[in-house]
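Below, each chain spelled out in residue letters.
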Amino acid sequence: MEPNLRMLKDKADAVAKNAHAPYSGFSVGAVIVTTEGQQFNGCNVENISSGLTVCAERNAVGKAVSELGPDFKIKEIFVSNFNSEGVTIHCSPCGACRQVLAEFSTSDTKVHYHGDNGNIITTTVKDLLPDGFDNY
Ligand code: THU
């Protein structure tokens, strides 16, 4: 694996270990790198009232906005995961996270996540959310 990707994967793995995921048993970690090189982590935080669960990607975006304000763009995001058996499986960002990532993305913002067979998939927010809502 290319060294930058390996570093992001290791950080995403580490933050996934902090997840609060007692209901699904599925721990997710996300690392955002901004176009200026700052990094922000997020993990999923579940709630006994299921609809209140927040995904790792959206928590990472919230941390970035809290620290930087809204005027930043995401260069890339790495999303990692462990299921209840501690195994990493295919997991791409959910639809809600795609729309939230789009808010702070460029046409070239990259998304890295695990595919099947241990491979890393690299795509863009734009490709994950074609024709996303942007009507304002
Ligand atoms: N989850 C994420 O953190 N990110 C995603 O993009 C998909 C799902 C979390 C939410 C929930 O805590 C668990 O994974 C199972 O859905």
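Quick caveat, the model's predicted, so the values are computed rather than measured.

Thresholds applied
- Residues numbered from 1 in each chain as written.
- Predicted model: local features only at pLDDT ≥ 70, side-chain atom pairs only at ≥ 80, totals over all residues.
- Heavy atoms only, no water.
- Helix = DSSP H or I, 4+ residues; strand = E, 2+ residues; numbered from the N terminus.
- Buried < 20%, exposed > 50% of the residue type's maximum accessible area, 1.4 Å probe, protein only.
- Salt bridge = Lys/Arg side-chain N within 4 Å of Asp/Glu carboxyl O.
- Axes fitted to C-alpha atoms, helices over the stretch in contact; angles between N-to-C directions.
- Parallel < 35°, antiparallel > 145°, perpendicular 65-115°, else oblique.
- Left-handed = near helix turned anticlockwise from the far one by under 90°.
- Contact = heavy atoms within 4.5 Å.
- Nonpolar A, V, L, I, M, F, W, Y, C, P; charged D, E, K, R; others polar.
- Phe/Tyr/Trp six-rings, centres within 6.5 Å; stacked < 30°, edge-to-face > 60°.
- Near = heavy atom within 4 Å.
- Polar contact = N/O pair within 3.5 Å; in protein donor to acceptor, adjacent residues only side chain to side chain.
- Areas by Shrake-Rupley, 256 points an atom, 1.4 Å probe, with all protein chains shown as cover.

Notes on unusual backbone geometry
- Positive phi outside glycine occurs at Asn 117, with the angle close to 65°.
- Along the chain, Asn 117 turns up in the loop between strand S4 (105–114) and strand S5 (120–124).
- Accessibility expressed as a relative area gives 82% for Asn 117, which makes it exposed.
- The backbone phi angle of Asp 131 is positive, close to 60°, even though this residue is not glycine.
- On the secondary structure map, Asp 131 appears in the segment after helix H4 (125–128).

Overview of the pattern of salt bridges
- Within the structure shown, the criterion is met by 4 salt bridges.
- The salt bridge partner of Asp 13 is Lys 9, with a shortest N-O separation of 2.6 Å. One end of the pair is Asp 13 and the other is Lys 9, both in helix H1 (residues 3–16) and 4 residues apart, which spans about a single turn.
- Overall, Asp 13 belongs to the buried group, its relative accessible area being 12%.

Side note on the packing of helix H2 (residues 56–68) against helix H3 (residues 95–103)
- Relative to each other, H2 and H3 sit at 25°, their axes nearing to 9 Å. The orientation of H2 relative to H3 falls into the category roughly parallel. At the point where H2 passes H3, the crossing takes the left-handed sense. Each of Glu 57, Arg 58 and Val 61 in H2 lies in contact with H3, whose residues at this interface are Ala 96, Cys 97, Val 100 and Leu 101.
- Considering only residue class, the contact of H2 with H3 consists of 5 nonpolar, no polar and 2 charged.

Points about the packing of aromatic side chains
- Under the defined criterion, the tally for this structure stands at 2 aromatic pairs.
- On the numbers, 4.9 Å between centres and 0° between planes, the contact of Phe 72 with Phe 104 is stacked. Of this pair, Phe 72 sits in the loop between H2 and strand S3 (74–82) while Phe 104 sits in the loop between H3 and S4, and the two are 32 residues apart along the sequence. The same class applies to Phe 72 as to Phe 104, namely buried.

As for the site of the ligand
- Around the ligand lies a shell formed by Ser 24, Phe 26, Val 28, Asn 44, Glu 46, Thr 53, Cys 55, Ala 56, Glu 57, Ser 92, Pro 93 and Cys 94.
- With respect to the ligand, the side chain of Glu 57 contributes an N or O atom lying 2.8 Å from an oxygen atom.
- Cys 94 places a polar main-chain atom, nitrogen or oxygen, 2.9 Å from an oxygen atom of the ligand.
- When the free accessible area of the ligand is taken as 370 Å², the share hidden by the protein chains comes to 79%.
- Looking at side-chain class alone, the shell around the ligand contains 6 nonpolar, 4 polar and 2 charged residues.

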